[in-house]
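Descriptive analysis of the structure
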Amino acid sequence: MTDGLLVVDKPTGMTSHDVVGRCRRIVGQKRIGHSGTLDPGATGVLLVALGRATRLIRFLEGLPKSYVGEVVLGSTTTTLDNEGAVTATFDMSSVTLDDVQTAATKFIGDILQVPPMVSALKVNGKRLHELARDGVEVERKPRPVTIHSINVAPTDDTAVFLLSATVSSGTYVRTLAADIGDALGGGAHLRNLRRTAIGSFTADRAVTLEALDAGFEQHVLVATDMVSHLDRIVAGGRVADDVAHGRHLDRALATGDGPWAVVDTAGELLAVYEPHTERELKAGVVIASG
């Protein structure tokens, strides 16, 4: 079994689940999962974990994500992007770049965002996009998200603006585009969304499915790379043995608030530990075998 991480450049027209299925066939194993679902029409960074590294996916889910996309002023759609039916049109010909930048800046920081109906979120056990396909719209509670940064630039089309944003996990850029349009007194939708980064995993490190088909082994990152953003504990001797058996560790070994990537003296990942009591840490995921 291959253990590690693939930074995949998801093509348009495929679901994230489709990409995982393709990777299963390429790698030749079933134990594969992904972090950070992308809409079928979106492209860019998708993190695909292999083998035992799938147990580390939850430590990737809180990483900030960066995107670029085009905000199209003057029309709203059922899906908040260019794949849906137009629901309303607006004359926004007088809106300037400064206007869009001012409106976008108001969303920087901690905000509440209403998830779109066409999304994978579940309400009463059913995914929203399934309800939307049946013509059902349900109330969605606003969720707290964080917009870390936004930049707006012009394009050759005066009704289209290039949006670059870094946001917290769980943020919908489609919704952000629609909210910007609403803040400008009209409406907008998103097109050509591309995720350029998840944490330190940037698009220039991403590999196409065609390249993986030609030979995936050289593109597999080690498990330690998946938790490089965590505080680290170096374990040797008896401590390493305790880690391999999933035993509690002394809190004095760690600095910071956790979780902690526990590595051996060669830098290889043994486990991820989490807070337990004031004096002890507990094993969250053990990669080493005792």
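In what follows, the accompanying structure is described. Everything numeric here is computed off the predicted structure, so don't read it as measured data.

Another aspect to go through is the pattern of salt bridges. Evaluation of the coordinates by the stated rule reveals eight salt bridges. In this structure, D213 and R22 form a salt bridge, with 2.9 Å as the shortest nitrogen-oxygen distance. Residue D213 is located in helix α5 (residues 209–214), and its partner R22 is located in helix α1 (residues 16–27); the two are separated by 191 residues in the primary sequence. Overall, the relative accessible area of 47% leaves D213 in the partly exposed class. For the salt bridge of R247 with D241, the shortest nitrogen-to-oxygen distance reads 3.3 Å. The exposure class assigned to D241 is partly exposed, which follows from its relative accessible area of 38%. Within the structure, one salt-bridge network assembled from shared partners comprises D241, D242 and R247.

Let's shift gears to helix α7 (residues 237–244). For α7, the complete set of buried residues consists of D242, V243 and A244. On its buried face, α7 sits against β15 (249–250), β16 (260–263), β17 (269–275) and β18 (280–286).

Right, let's get into the sheet that holds β17. The mixed open sheet is built from five strands, whose spatial order is β14-β16-β17-β18-β15. This sheet does not close on itself; its edge strands, each paired only once, are β14 (231–234) and β15. Across two bridges, the pairing between β15 and β18 is antiparallel. Paired with D250 across the two strands is E280, which belongs to β18.

What is expected of a backbone is that most residues other than glycine have negative phi and most peptide bonds are trans. Residues G258 and P259 are joined by a peptide bond in cis, for which omega reads 0°. Structurally, P259 is set in the loop between β15 and β16. Positive phi is not limited to glycine here, since L80 has a value of about 70°. For L80, the location among the structural elements is in the loop between β5 (75–77) and β6 (86–89).

Looking now at the environment of G33. Mapped onto the fold, G33 is located in strand β2 (residues 32–35). Here the alpha-carbon distance between G33 and G51, two residues 18 residues apart in the chain, equals 8.7 Å. Non-local contacts of G33, meaning those with residues more than four positions away in its chain, are made with V20, L47, V48, A49, T54 and I57.

Over its 12 residues, α1 extends 16 Å from the first C-alpha to the last, a length consistent with the 16 Å expected when each residue adds 1.5 Å. Taken residue by residue, α1 has S16, V19, V20, G21, C23, I26 and V27 as its buried positions. Those residues of α1 hidden inside the fold are in contact with β1 (4–10), β2, β3 (43–50) and α5.

Ranked by internal contacts, the top residues of the largest apolar core, which has 28 residues, are L73, V100, I150, L163, L176, I180 and L184. Of all the elements in the fold, those that place two or more residues in this core are β4 (65–73), α2 (97–105), β10 (143–154), β11 (160–167), α4 (173–183) and β12 (188–198). Counting residues in hydrophobic clusters, the runner-up holds 24 residues, among them L47, A53, A223 and I287.

Here is what the cut-offs are and how they apply
- Here, residues in each chain are numbered from 1, in the same order as that chain's written sequence.
- It should be noted that, the model being predicted, local features are given only for residues of pLDDT at least 70 and side-chain atom pairs only at 80 or more, the latter also being counted only at that level, while totals for whole chains, interfaces and linings use all residues.
- Excluded from the side-chain calculations are hydrogens and water; all other atoms, namely the structure's heavy atoms, are used.
- Salt bridges are defined by distance alone: a side-chain nitrogen of Lys or Arg within 4 Å of a carboxyl oxygen of Asp or Glu.
- Strands are runs of DSSP state E lasting at least 2 residues, helices are runs of H or I lasting at least 4, and numbering of each runs from the N terminus.
- Summary of the burial criterion: residues with accessible area below 20% of their type's maximum are buried, those above 50% are exposed, and those between are partly exposed, where the area comes from a 1.4 Å probe applied to protein chains only.
- Contacts between residues were defined by any pair of non-hydrogen atoms, one from each residue, lying within 4.5 Å.
- For two strands to pair, DSSP has to find at least two bridges joining them.
- One less than the residue count of a helix, multiplied by 1.5 Å, gives the span that helix is expected to have.
- To qualify as a nonpolar core, a set must consist of buried Ala, Val, Leu, Ile, Met, Phe, Trp, Tyr and Cys residues joined through side-chain atoms within 4.5 Å.

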